[in-house]
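# Fold and contact review
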Amino acid sequence: MGRLKLQSGIKAIEEEPEEFDVASSNKATLACMINSEIGAVLAVMRRNVRWGGRYMSGDDQMEHSLIQSLKALRKQIFLWQHHWHTINPLVYLQPFLDVIRSDETGAPITGVALSSVFKILALDVIDQNTVNVEDAMHLLVDAITSCRFEVTDPASEEVVLMKILQVLLACMKSKASIMLSNQHVCTIVNTCFRIVHQAGSKGELLQRIARHTMHELVRCIFSHLPDVDNSERALVNGINTTNREGAGLNNEYAFGNRQLENGNINSEYDAQQLSMNLANASVGQAAAGLDEDTIGAGTGKETVPYDLRLMTEPYGVPCMVEIFHFLCSLLTVVENVGMTARSNTLAYDEDVPLFALGLINSAIELGGSSIRQHPRLLSLIQDELFRNLMQFGLSMSPLILSMVCSVVLNLYHHLRTELKLQLEAFFSCVILRLAQSRYGASYQQQEVAMEALVDFCRQKTFMVEMYANLDCDITCSNIFEDLSNLLSKSAFPVNCPLSSMHILALDGLIAVIQGMAERVGNGLIGSEHMPVSLEEYTPFWMVKCDNYSDPNHWVSFVRRRKYIKRRLMIGADHFNRDPKKGLEFLQGTHLLPDKLDPQSVACFFRYTAGLDKNLVGDFLGNHDEFCVQVLHEFAGTFDFQDMNLDTALRLFLETFRLPGESQKIQRVLEAFSERYYEQSPLILANKDAALLLSYSLIMLNTDQHNVQVKKKMTEEDFIRNNRHINGGGDLPREFLSELYHSICKNEIRTTPEQGAGFPEMTPSRWIDLMHKSKKTAPFIVSDSRAYLDHDMFAIMSGPTIAAISVVFDHAEHEEVYQTCIDGFLAVAKISACHHLEDVLDDLVVSLCKFTTLLNPSSVEEPVLAFGDDTKARMATVTVFTIANRYGDYIRTGWRNILDCILRLHKLGLLPARVASDAADESELSADTGHGKPLTNSLSSAHMPSMGTPRRSSGLMGRFSQLLSLDTEEPRSQPTEQQLAAHQRTLQTIQKCHIDSIFTESKFLQAESLLQLARALIWAAGRPQKGNSSPEDEDTAVFCLELLIAITLNNRDRIVLLWQGVYEHIANIVQSTVMPCALVEKAVFGLLRICQRLLPYKENLADELLRSLQLVLKLDARVADAYCEQITQEVTRLVKANASHIRSQLGWRTITSLLSITARHPEASEAGFDALLFIMKDGAHLLPANYVLCMDASRQFAESRVGQAERSVRALDLMSGSVDCLARWASLDKETMGEEEAARMSQDVGEMWLRLVQGLRKVCLDQREEVRNHALSSLQKCLTGVEGISLPHGLWLQCFDMVIFTMLDDLLEIAQGHSQKDYRNMEGTLVLAMKLLPKVFLQLLPDLSQLTTFCKLWLGVLSRMEKYIKVKVRGKKSEKLQELVPDLLKNTLLVMKIRGVLVQRSALGGDSLWELTWLHVNNIAPSLQSEVFPDQNLEQSTDVAGGDPVSDETGHVPLAETPPEVAAGGG
């Protein structure tokens, strides 16, 4: 029933401990206490002549009734045996109350009686369970509030008033207070307020106590609001109204000038006590007569006051509503008095409004969100209170403004869901106006407004809710945007030093940003923002959300609304330039239908901010039929319900400029009148009456406010002009008079301001706001997750970074630096989490400027300067913190970060192993023990530096430099300050963890990694041909180290980086002509990349190995300098990864590199080692690399670097490889199809041919040992090919290109070169000659079938002929003279046995037979008779008819060869 729940009593002021129940433990103690109070009152009364004399006189008169009742009580108290709770409190209170009420007692007696009552209340004897407690409390309050006494001196009067306050407060705080009725609570507050008012003319102490008591009372009463039941039934007929004019505390007392007369606190107030039970109660003279100037013109509805029954019930909402209404009316009264009676000091006094606002604030703090359950209280806050707050918000007094802001903050906290438009108005019309000097606010006002705004910003969800509810609502202004712009502008010091105002604005900005950063930590919601787009036309003003409390619904709804709002603003911009094009644009974006309809255009005009009001006025006033329809639809969007005609007209004409032509004006006013009459007929007979009256008001407005009109219309003129317009009758005089005064005081602006600045809150606008607030969309409450932060941050990030940067730049105190750094880190976190890479890049660029590392160094000792510069050090740590934490989202910012790193590198401040640690951290262990070259930084000990010697690098090097004496001139010892600065620098660099940017690069997102690599390449600069400065080279080397480090760290993503890295290294290699550190780093870096990555990236193996061809392109001088180390690296690469190299291309690169080393004194050993590894036992020989390896081996065999023994080993490798060929040939037959097998067989044949061709070349070597070994290897390869089926054609090629050529070449050498060059050529010729028939005879069965056999056989014979005739050192060789005939004889015998060489008696003779003997006779004429004695001629002719027998391999079986022939072939 709108009352308190009984269990919640309030403790007394001097509360005893709970476990000590005075009443039950010691009744006698209580009796004694009351007895002593009676004694005290009587004692004071006796001192007064009036009372004392009568008591002392001996006549028969009885004592005064007051004394009698006190004495009677004294007799009783010790007789009571019952529990005190069972005794009616009136019994022991009544005598004291009588004394208080009596107007015969003086101030001292009344004061003591009041003290006694206070003490009894403080004893906690009376609570809600005491007998008859309700009557007792009522009587108690009645007695105290109607206290009477004689005033003897001002001081004692003040004491009594203080004690009244004390007792009233004790009443409200006692456990029994919940038995008080609404009426009594109002009476208590009323009495207290009267004392506050009277105290104005009394002492300071009474004033303070009275105000304090008033505060305590309000706090005590409103603290019960959360415990009150829902108050719907506590309202008469359940009516809820928004405007209260009746039923209030009577505040005549506040501003009447009456004083206490004769101490009778009630003397003149009896008739006007708080008369809440009377329906016609008036707010009092001061608040009467509200007009248009004071916000709050009545709406015509009388508030239904509470009835008598409710006011006499135990207190609850009704008294709170009355008290709250009274407090609001205090503000209204001040305002009225201020506007009318300038003489009244209160008008310009801060006192009353501050007092009222303080009380209101307490009530809201304690009532909290429970207020929203009580419609009457809520409506007071929504309308009357907020209207007054808006007015006082613009007060010149900083104190009042500050108090207003506190109240609004409290209201936001507890009731924001009910105050959406009110909050918007407050920020638009108060905060945004006052926080900027351009609207004429004083510095103090600006400061208070800014402080208030920052307090709001510190509420975590404030900005989100402003954005969701206002910025994303087409009918509201962009409060979030305006506030964030205000904060960033206010933080900017423009041509002035940094002030507290700048820092304050910065705090607000950073509070908003940190709120976003915290929400990011709570998990992103829908971070993948889908772009909003409108596929088809839907009326934009009708867009609704299914559920305003469920983020799944409202987030997308709000984003869609914001999109619409943005598009409308763009449309407005187009419209202002060309109305037709503007409408077409909106049709194109589906905000207006393809075929325009009047309603949609009307709504566009009505709800879009930023339209040119002149153009809208012209459009609406146009006579075109469509424009007239739009005008009527436009009027239909207004709500004039229960609105005065002038207020409605003001609102209507605010939205566009009234055109100048009378016809247009008539059309516009007709539409207005029709709508007004439809909604608020009130006393108007018809719409014509509304039209005529509207016209009349426009004319009156022009008459009153146009300076050119000299004779102004009087009230009588106005009333006379409007006779008989109301359907033939007259309108009421008061009605017209009110309109007249309203227009005179407050002009109707027919040229409204064009949306510039922030509007003033006029009364008509307030009424409109109250209308709108009933229809506005529900308030969206956000939780602690990042629903809209992406969109909000995109709006505010630019100005925010700029503002924080400027403050950071201007600041001089470390705490301001820290604030800015916190802001920077929060911005970075949000940018990263919302994937706003551009923002993060901007931030990095901005911060890098503050590190001072990018400034051209004019300082002598930059390291010490850096150590002394706190700002630079903080910025540096922040840059690297961001790079390490949020590197994933840095793009172009890497360049700036690298510039800083390079600068630190040049200053020698980086740890020596930044780059190498980055690459080797995980893999070093695998590679140790190989003497790996150049893996660490450039200062490595074993690096032959080609440029100028570098300074010692690394932190310690830098430090020792500082301490040591310079070589050129002695340097003084560093001072304490220098050492401290240096120490600070070193600590800063350690905090930066620069190395982890590179070691952790494997976790970077692909795009960021790519940008980092590009930045490194960019920072290294283009390599210059010729001389570059040592410093540039140093930088280039360092960048290259880092680039290689990240490449190695990202082996899984090498595809991403490879192209850039390769091109960079290629540039270096191709542009370097002299050995230097850079090219060394490039070459070995490349080799390391290949080494490290080949096992992991087989699909990239070719690409990686092809890159090594760069090494082949090195300038000769450069290649020579590094050949040995390169070879070692290649060897290591081959040994580790031979199994991963599969393609011919890859092997070609490797073998090319190895071949080159064959002729290099230092490198050949390692090169041959690698070749040995590949070829030994065919370990890693493949069809793909066979030919390449043969070529390489040949290079080593021919190379004269090193011992001949190595050439021999190379030849062994070559001849041993035949086994591989045989293996491949046999494998293929088993596993492949016919066609493939044929192809493979052909390939094997070609490989074999290449092998023997290679050996042929080595057979011509100058060194005898090598030459002879090559010959025997060749023989092995030619004869040991049983497992390989070689086609006949190939053998013919082999004879032509290999055997014959070799024999001819050897012959030429033997004849043409001196013995000095080619020792013992005779032995070689013997070996070569032996090889010829051996191979020939082995192949005889096959070759003899060929048509070209004759040619081949003649070739063999001609070689033998040449060899027998050869002259070595000028004389014929005896050995050959003996050997050749033997070999020839053997050959002829075999040919004879095989039936190859027989005489055929065919036509034309036998050319083979003839030619054979022609040649043989030249060599050894006797041979024919030896081989073919005549007796055998016929026999052999018979044999010749059959084929010689041979096995399927095409070889003559040795068993069939006569033993002496076989031996001869040796």
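Residues numbered from 1 in each chain as written. Predicted model: local features only at pLDDT ≥ 70, side-chain atom pairs only at ≥ 80, totals over all residues. Heavy atoms only, no water.

Let us now look at the overall build of the chain. In terms of regular secondary structure, the chain is built from 65 helices and two strands. A burial count over the chain gives 56% of its 1466 residues as buried. A sequence separation of at least 24 residues applies to 78% of the contacts in the chain between residues at least 6 apart. Just so you have it, the chain exposes about 61700 Å², and 50% of that area is on carbon and sulfur atoms. (Helix = DSSP H or I, 4+ residues; strand = E, 2+ residues; numbered from the N terminus. Buried < 20%, exposed > 50% of the residue type's maximum accessible area, 1.4 Å probe, protein only. Contact = heavy atoms within 4.5 Å. Areas by Shrake-Rupley, 256 points an atom, 1.4 Å probe, with all protein chains shown as cover.)

Counting across every chain of the model gives 44 salt bridges. A salt bridge links Arg1117 to Asp1115, with the nearest nitrogen and oxygen atoms 3.3 Å apart. The partner of Arg1250 in a salt bridge is Asp1191, and the shortest N-O contact between them spans 3.5 Å. With Arg1250 in helix H56 (residues 1234-1258) and Asp1191 in helix H53 (residues 1186-1198), this residue pair connects regions lying 59 residues apart in the sequence. Among the charged side chains, a network of salt bridges with common partners joins Lys420, Asp473 and Arg561. (Salt bridge = Lys/Arg side-chain N within 4 Å of Asp/Glu carboxyl O.)

Turning to the environment of Leu691, a few remarks are in order. With respect to the helices and strands, the residue Leu691 is situated in helix H29 (residues 687-705). Residues Leu691 and Ser673, spaced 18 residues apart in sequence, show a C-alpha to C-alpha distance of 5.1 Å.

Here we come to the nonpolar core. Ranked by size, the top nonpolar core spans 462 residues in total, and within it Tyr92, Phe324, Phe605, Phe998, Trp1248 and Ile1299 carry the most contacts. Discounting residues that sit within four places of it in the chain, Phe324 has contacts with Phe222, Ile360, Ala363, Ile364, Leu377, Leu380, Ile381 and Leu385. (Core = buried A, V, L, I, M, F, W, Y, C linked by side-chain atoms within 4.5 Å.)

On to the confidence of the model for the chain, then. Here the chain averages 81 in pLDDT, and 82% of its residues register 70 or above. Contacts from residues 5-25, a stretch scored under 50 in pLDDT, to residues over four places away or in other chains number 34 contacts. Between residues 1431-1466, whose pLDDT stays under 50, and residues either more than four places distant or in other chains, the model counts 45 contacts. (pLDDT = per-residue confidence, 0-100.)

For the rest of this paragraph, the subject is the side chain of Asp471. As for its placement among the helices and strands, Asp471 is situated in helix H19 (residues 462-471). Here Asp471 is buried and forms no salt bridge, its nearest opposite-charge partner Lys562 lying at an N-O distance of 4.3 Å. At 3.1 Å, the side chain of Asp471 and the backbone nitrogen of Glu481 are in polar contact. (Lys, Arg positive; Asp, Glu negative; His and termini not counted. Polar contact = N/O pair within 3.5 Å; in protein donor to acceptor, adjacent residues only side chain to side chain.)

Now for helix H31 (residues 733-745). One turn of the α-helix equals 3.6 residues, which is why residues spaced by three or four share an orientation. Taking 1.5 Å as the rise per residue, H31 with 13 residues should run 18 Å; its terminal C-alpha atoms sit 18 Å apart, in good agreement. Every buried residue of H31 is accounted for by Phe735, Leu736, Ser737, Leu739, Tyr740, Ser742 and Ile743. (Expected span 1.5 Å × (residues − 1).)

A few words on the environment of Ile801. Looking at where Ile801 falls in the secondary structure, it is placed in helix H33 (residues 789-810). Along the sequence, Ile801 and Cys820 sit 19 residues apart, while their C-alpha atoms lie 9.7 Å from each other. When neighbours within four sequence positions are excluded, Ile801 is seen to be in contact with Val827, Val839, Asp842, Leu843 and Ser846.

Time to look at the packing of aromatic side chains. The tally for this structure, following the rule as stated, stands at 42 aromatic pairs. Between Phe427 and Phe462, the ring centres sit 5.3 Å apart and the planes meet at 50°, which makes this aromatic pair tilted. With Phe427 in helix H17 (residues 420-434) and Phe462 in helix H19, this residue pair connects regions lying 35 residues apart in the sequence. Each member of the pair, Phe427 together with Phe462, is buried. Relative to Tyr817, the ring of Phe808 lies with its centre 5.7 Å away and its plane at 75°, an arrangement referred to as edge-to-face. Of the two residues, Phe808 and Tyr817, both sit in the buried class. Of note, Arg211 hangs over the ring of Phe355, and the distance from its end group to the ring centre comes to 4.8 Å. Looking at Arg1051, its charged tip hangs above the ring of Tyr1096, at a distance of 3.7 Å from the centre. (Phe/Tyr/Trp six-rings, centres within 6.5 Å; stacked < 30°, edge-to-face > 60°. Lys NZ or Arg CZ within 6 Å of the ring centre and 35° of its normal.)

With that out of the way, let us pick up unusual backbone geometry. Of note, the phi angle at Asn132 is positive, near 55°, even though the residue is not glycine. Looking at the element boundaries, Asn132 is found in the loop between helix H6 (107-122) and helix H7 (133-145). Given a relative accessible area of 29%, Asn132 falls into the partly exposed group. Positioned with a positive phi, His590 is a non-glycine residue whose angle comes to about 65°. Of the residues examined, His590 reaches a relative accessible area of 25% and is grouped as partly exposed.

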